[in-house]
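So the chains spell out like this:
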Amino acid sequence: MTEYQPPAAHGTTPGAPDDAAHAVAYDAVVLAGGAARRLGGADKPAVRVGGRPLLDRVLAACAGARTTVVVAGPRPTARPVTWAREDPPGGGPLAALDAGLRHVTAEHVVLLSADLPFLDGRTVAALLDTLRPGAADGVLLTDSDGRDQPLVAAYRTPALRRELAALSAAHGGTAGLPLRRLTGALDLHRISDPVASFDCDTWDDIATARARIREHGHVLDEWISAVKDELGIDLDVDTGVLLDLARDAAHGVARPAAPLTTFLVGYAAARAGGDADAVAEAARKAVALANRWAEEDAQDAAPATPSGGAEPEPRTDAG
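Presented here is an overview of the structure given in this document. Predicted model only: the values in this text are computed from it and were never measured. (Residues numbered from 1 in each chain as written. Predicted model: local features only at pLDDT ≥ 70, side-chain atom pairs only at ≥ 80, totals over all residues. Heavy atoms only, no water.)

Glancing now at the sheet that holds strand β9 (residues 188–192). If you walk across this open sheet you meet the seven strands as β5-β4-β1-β6-β8-β7-β9, and the pairing is mixed. At either end of the open sheet lies a strand with only one pairing partner, and these are β5 (82–84) and β9. Between one strand axis and the next, the sheet turns through 25° on average, direction left out of account. With five bridges connecting them, strand β7 (residues 138–142) and strand β8 (residues 148–156) associate as antiparallel partners. Within β8, the residue paired with G138 across the bridge is Y155. (Pairing = 2+ DSSP bridges. Helix = DSSP H or I, 4+ residues; strand = E, 2+ residues; numbered from the N terminus. Axes fitted to C-alpha atoms, helices over the stretch in contact; angles between N-to-C directions.)

Structure (structure tokens):
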């Protein structure tokens, strides 16, 4: 387990790929075939945190990859992937990496384990942005104790292939070899990130991850990410705009108007093209309407007073 420390709150949805991660094509290899002995042999990639399997959370973080290879037995996933299997099955991380790289064509590859509940697109972008302009063979995360996390890293693909070939030639294959035999031969740059590198090896780790995403500063973003994955929506919108709309509709009209209005905004945005700009425009119109509604209500509630400030004289009806 990598030590968990509470992160500072972010203003964007966890898992949302950063634009920088798309600047140059990259591939991703996710290792998801471990035995999970400390979880009693449970299917760890399928364990849910925040309503989503751990594997799907990792796949969301590397959604910008041109090709994503998952080394494990095939299973349903929220995003399309290429499946690979190490030879022999259960041959360890080096054999799994070797199998995954056979499907990689990009110059840079992000290598991830399938048990990283707090990994997001910003971290993937940071790894790639640090790797690309430098001369290092790879960039990996370290935890708060400075321990390397080679399965939360970005590497130059040729460097991995070079060292895997050397190890295979020296040992007659890569099965059973520890990952440090490869990383020890590479020139690596390190970034400290105890949150993104937090992995789930035990049920206590799972409980910690589940508790964290329900904290006040994280639960809404986590819920939005889970809903988008569940519905197959790949759209980043300003959640603050929608929350302001819901507040204005609830306060200016009636409380049930909030969910109904946001639903109608989504429907209108879908008819208008369904992108983030369409959502923002529909929300703007609905906010303006809610404000006008509230202004009229306030005007009707205020006592009518002539401009001079004097009380109106009683009026006698004709007849």
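What follows covers the packing of helix α8 (residues 239–252) against helix α9 (residues 257–271). Axes are the key here: two packed helices are described by the angle between their axes and the distance separating the axes. Where α8 contacts α9, the two axes come as close as 8 Å, and the packing angle between them is 135°. The orientation of α8 with respect to α9, classified from their angle, is oblique. Relative to α9, α8 is oriented so that their crossing is right-handed. Across the interface between the two elements, L242, L245, A246, A249 and A250 from α8 touch A257, A258, T261, T262 and V265 from α9. Residue classes in the contact of α8 with α9 are distributed as eight nonpolar, two polar and no charged. (Parallel < 35°, antiparallel > 145°, perpendicular 65-115°, else oblique. Left-handed = near helix turned anticlockwise from the far one by under 90°. Contact = heavy atoms within 4.5 Å. Nonpolar A, V, L, I, M, F, W, Y, C, P; charged D, E, K, R; others polar.)

When helix α6 (residues 203–213) is considered as a whole, its buried residues turn out to be D205, I206, A209, R212 and I213. Taken end-on, α6 shows its buried residues confined to a sector of 130°, consistent with a single buried face. On the buried face of α6, the contacting elements are β2 (48–49), α1 (54–61) and α7 (219–231). (Buried < 20%, exposed > 50% of the residue type's maximum accessible area, 1.4 Å probe, protein only. Arc of directions from axis to C-beta.)

If you look at the biggest cluster of nonpolar residues, it comprises 27 residues, and the most contacted ones within it are V30, V70, V110, L112 and L119. For this core, the elements supplying multiple residues, two or more each, are β1 (27–31), α1, β6 (108–113), α3 (121–131), β7 and β8. For V30, the residues in contact, after removing those within four places along its chain, are L55, V58, L59, C62, T68, V69, V70, V71, L112, S113 and A114. Membership of the second largest hydrophobic core comes to 24 residues, among which are Y155, L160, L182 and L188. (Core = buried A, V, L, I, M, F, W, Y, C linked by side-chain atoms within 4.5 Å.)

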